[in-house]
Amino acid sequence: MTDFDVVVVGAGVTGLTVANRLHAAGRSVLVLEARDRVGGRLLTEDVEGVRLEVGGQWVSPDQTALLALIDELGLEMYPRYRAGDSVYIGRDGVRRTFEGEKFPVSETTAAEVDRLVEELDRLAAQMDPLSPWEHPDAEVLDRISFAAWLAGQTDDPEARDNVALYVGPAMLTKPAHSFSALSAVLMAASAGGFSHLVDADFILDRRVVGGLQRVPLALASRLPAGTVHLDEAVTKIEWADEGATVFTGRGSYHGRNVVLAVPPTLVSRVQYIPALPPVQAQMRQHISFGLVIKLHITYETPFWRDLGLSGTAFSPYSLVHEAYDNTNEDVEGETRGTLVGFVSDVKADSLLALTPEERRSRVLEALAAYYGEQALTPVHYYESPWMADEWTVGAFGTSFDIGSLTRYGRHLRADVGPLAFASSDIAGLGFQHVDGAIRMGEAVAARILA
Ligand code: FAD
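Residues numbered from 1 in each chain as written. Predicted model: local features only at pLDDT ≥ 70, side-chain atom pairs only at ≥ 80, totals over all residues. Heavy atoms only, no water.

The line we're drawing: UniProt positions are given in the numbering used here, feature names are shortened, and annotations may be inferred rather than shown by experiment.
By the naming in an unreviewed UniProt entry, the chain goes by Putrescine oxidase and is assigned to Actinoplanes xinjiangensis. Within the UniProt record for the chain, the comment given under Sequence similarities (unreviewed entry) is "Belongs to the flavin monoamine oxidase family." One UniProt comment on the chain, placed under Cofactor (unreviewed entry), says "FAD".

Here it is as structure tokens:
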């Protein structure tokens, strides 16, 4: 059969949510996926004997759409390991341990961080994350970079560096001078407030037993056999008001509706006949992926636990700006310990310019500064390769450049004839997270059914 009610492009969580909801409502659905697997940015893989969450992995309490789906699919979760002290390396280069979520900085810096967090919470509370351009200060906040906004708020460089860390390297994975203060407020509003971004125990709360890719795998398994075509990249779409024909290297398929469940940057990789309206093509030239290298370093034992450390470490001044204990508590008989760390934006640029051996040494040296000399001798080292993968080309997600959220944001979720667009990157709540992928998938399915 080549005629369907709906053709979905992309078998990430967004596309598979759309397909599940439409199939459950009795619609005929086809899902076309470019890769040889489902899950998109979720990938749980055995790499040389170590099971790794190569892409997304953590679930936080605000992700109620994801929590409901995990429940619906009958999956189980377990908490991230967090017993013991965390480590912070400050602007003075001194390593300090601490408990709770507040970094061990001077009293004046701590007071400045608190004041900034309070102000960002206030701004986020005024925003509907589905329409950030309607924020009372939208125009002003969208014209200024987050770095410039922070500089206007405080003279304390360590307070600025810490607050920038939560949104820049840790979330949008872009330098704080390259996205607007409005985008920073959106990131906060989409997670239920800036205070949540500051709290690693909240944001990185739990993991799914067996890995988060079990969510898209379970969604795919609920569809009738043959619904998901792997290795079928969509290259061209011919569309008219009544429907669209989708072309791949293997054939063509007709749908009354077509859902592009791909990141906004990859929407433009497809050829459209006729071309999409100019604003659509313009808009997507102002959206880009951030860049972060997710590092997985496995040791014979989780040695940091014996040192009284939780494995949680932060520093805006380290190559690895954040790291956590990522030991697979759900793998029976696992005695090894795994740390996960992140190298983001311009630090990632400089790391990627090195040879693999140099990269590994630089990363291990950064970890040794957090956890001591034992960090220099892992049994396994792996860098997630999303930036080199043509069906993502970056990580974690995409965001607008300065001034474009107010200029184009309202077109992000607009249908074009029979074409609908969905992705975690255009979500309100759950923006750039699996929760947002589910919300966007459900919204598009509801719109088509209506
Ligand atoms: P994608 O997963 O990108 O799916 C899009 C699919 O479309 C892909 O499978 C792609 O191959 C396919 N595709 C693209 N173009 C075409 C085409 N032309 N034809 C056919 N198919 C096409 N989120 C969390 O909630 N918690 C986390 O801890 C977390 N950590 C992350 C860590 C990393 C390293 C990364 C990369 C992401 C992380 N995320 C996390 C984000 C989360 O993974 C994504 O927001 C979510 O998985 C995106 O789902 P999606 O379906 O919208 O997009």
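## Examining the overall build of the chain
Short version of the rule: Helix numbers and strand numbers start at the N terminus; a helix is a DSSP run of H or I with at least 4 residues, a strand a run of E with at least 2. Two things to know: the radius of gyration comes from C-alpha atoms, and the globule rule equals 2.2 Å times the number of residues to the power 0.38. Burial classes follow relative accessibility: with a 1.4 Å probe on protein chains only, a residue under 20% of its type's maximum area counts as buried, one over 50% as exposed, and anything between as partly exposed. By definition, residues are in contact when any of their heavy atoms lie within 4.5 Å. In this count, Lys and Arg are taken as positive residues and Asp and Glu as negative ones, while His and the chain termini are left out. For this purpose, a charge sits on NZ of Lys, CZ of Arg, CG of Asp or CD of Glu.
Within the chain, the secondary structure is distributed over 17 helices and 22 strands. A compact globule built from 450 residues should have a C-alpha radius of gyration of about 22 Å, and the chain, at 22 Å, falls within 12% of that. Based on the C-alpha atoms only, the size of the chain along its principal axes is roughly 65 × 55 × 40 Å. Buried positions account for 57% of the 450 residues belonging to the chain. Across the chain, every contact between residues at least 6 apart in sequence was considered, and the portion connecting residues at least 24 apart equals 74%. A gap of 3 Å separates the mean positions of the 38 positive and 61 negative side-chain charges of the chain.

## Things to note about the domain arrangement of the chain
For the record, the criterion: Delimitation of the domains relies on an automatic or database domain assignment.
Under the domain assignment used here, the chain contains domain 1 (2-42 + 213-276 + 416-449), domain 2 (49-61 + 77-82 + 203-207 + 291-388) and domain 3 (109-197). Placing the centre of domain 1 and that of domain 2 at their C-alpha centroids yields a distance of 33 Å.

## Comments concerning unusual backbone geometry
Glycine aside, negative phi is the norm for most residues, and most peptide bonds take the trans geometry. Along the chain, Ile273 connects to Pro274 via a cis peptide bond; the corresponding omega equals -5°. Tracing the backbone shows Pro274 in the loop between strand S14 (271-273) and helix H12 (278-284). Residues Ala395 and Phe396 are joined by a peptide bond in cis, for which omega reads -5°. One can find Phe396 in the loop between strand S20 (380-383) and strand S21 (398-400). Backbone geometry places Thr173, a non-glycine residue, at a positive phi of 55°. With respect to the helices, strands and loops of the structure, Thr173 is situated in the loop between helix H6 (157-172) and helix H7 (181-190). With phi around 35°, Asp345 is a residue other than glycine that occupies positive phi space. In this structure, Asp345 sits in helix H14 (residues 345-352). When its relative accessible area of 10% is taken as the criterion, Asp345 is described as buried.

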